[in-house]
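Structure at a glance
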Amino acid sequence: HIAGTNRARGGAWEALGSVLWQVPEAENSAWEAIHIALNEEKLISVRCCIMKVLTPLFNKNKNRFSESIKQLIILPDGSPHQNDSSRLAPLVTHTCINLFQYIYYWLPELANELTTLLEYADETKQLIAAWLIFCESFRNNLYIEKADTLTSASINHRRLMANVASETITWVENRHRAEHLLTKFFFDEDEQVRKHAADTFRQIKANEVESYRDLAAGFLKSPAFRDSSFAVLDMLETATCNVRDLIIEAAQQIINEIDEKDDQHGKHYADFHQLKDVLKREYASSESDAEARKKILDIIDLMLAREIYGIDSIVTTHDRW
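The sections below set out a description of the structure shown in this document. These numbers were taken from a predicted model, which means no experiment stands behind them.

The nonpolar side chains of a soluble globular protein tend to be buried, and buried together. Core analysis: the biggest nonpolar cluster contains 94 residues, and Ile34, Phe65, Ile69, Ile103, Phe201 and Phe219 have the highest contact counts within it. Apart from residues no more than four positions distant in its own chain, phenylalanine 65 is found in contact with Trp31, Leu54, Phe58, Leu99, Ile103, Leu107 and Leu110.

This is the structure we're talking about:
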């Protein structure tokens, strides 16, 4: 696509695409130009730029759009790469990818046809097709079965689904499905899958934490927490609801991990440094909760025994005795 924009014809198509948003009455002339180009333009890079013109025309004539985009990926006779998967490049430009959600909604048969073509292309395009289906499966239940099948196709597909689920958690309509998938991914055998799933806590705002309490509680008991603790600890630190139980659980899990791996000054030392101020806050506010205060003091004792720097500042000698 970038190569196309650096050519005279490609730059002209880019310009026409911008013009059409401001001058919709040029629609008929644009369709005529597209018709000629679809039959004569041999360069894939320039055909990528034609997507820029088809976008503002999508709502004008969906039938014509549908026929044009199918012709866009059929190169004229004598074109280089006429029979290989690079001809599908216009479908994986940013322009077309952003348009796919509307194609799925208004032209589902076309969307299925185009993604099927991508599924039989090279590995990168296969993963892009999977990404489109994964995203759609959180908006439309008809795509859940296909998405589940693709998730098990390869380790890269599974990593991709973990990434999609983690990024959609706060807005997806089918949140139950997203949480179910993430909970499974927290325990996945692949570290990258677990890390992608853990990134979901980067999406949750401070005032939304209460809604994701069960998800966080499950995460703290999973291998994913041991791999990627920063995001969830950061979320707990800024949460506007009461997360004392989750903070205590996080601290206990970190202590268990240190005991198992004898890692007092490695990665989990940094975790405790991150937790220090949160524990200090929770200790100060736990006067009316004797059970919680006892748990926090037990944790502090264990941290002191492991000589974790700065922990002794949480309570004074008077407080302890």
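Turning our attention to the packing of aromatic side chains. Summed over the entire model, instances satisfying the criterion amount to eight aromatic pairs. On the basis of an interplanar angle of 90° and a centroid distance of 5.2 Å, the ring pair of tyrosine 104 and tyrosine 143 is categorised as edge-to-face. Within this pair, whereas tyrosine 104 is found in helix H6 (residues 94–106), its partner tyrosine 143 is found in the loop between helix H8 (123–137) and helix H9 (144–151), the two being separated by 39 residues in sequence. Its relative accessible area of 10% is what places tyrosine 143 among the buried residues.

Following the criterion strictly, the structure yields 23 salt bridges and no others. Where arginine 177 meets aspartate 148, a salt bridge forms, and the shortest distance between an N and an O atom there is 3.5 Å. With arginine 177 in helix H11 (residues 175–185) and aspartate 148 in helix H9, this residue pair connects regions lying 29 residues apart in the sequence. Between arginine 158 and aspartate 188 there is a salt bridge; the shortest N-O distance is 2.8 Å. Highlighted residues: arginine 158 in helix H10 (residues 155–168) and aspartate 188 in the loop between H11 and helix H12 (191–198), separated in sequence by 30 residues. Bridged by salt links that share partners, the residues Arg244, Arg281, Glu282 and Asp289 form one connected network.

Thresholds applied
- Residues numbered from 1 in each chain as written.
- Predicted model: local features only at pLDDT ≥ 70, side-chain atom pairs only at ≥ 80, totals over all residues.
- Heavy atoms only, no water.
- Core = buried A, V, L, I, M, F, W, Y, C linked by side-chain atoms within 4.5 Å.
- Buried < 20%, exposed > 50% of the residue type's maximum accessible area, 1.4 Å probe, protein only.
- Contact = heavy atoms within 4.5 Å.
- Phe/Tyr/Trp six-rings, centres within 6.5 Å; stacked < 30°, edge-to-face > 60°.
- Helix = DSSP H or I, 4+ residues; strand = E, 2+ residues; numbered from the N terminus.
- Salt bridge = Lys/Arg side-chain N within 4 Å of Asp/Glu carboxyl O.

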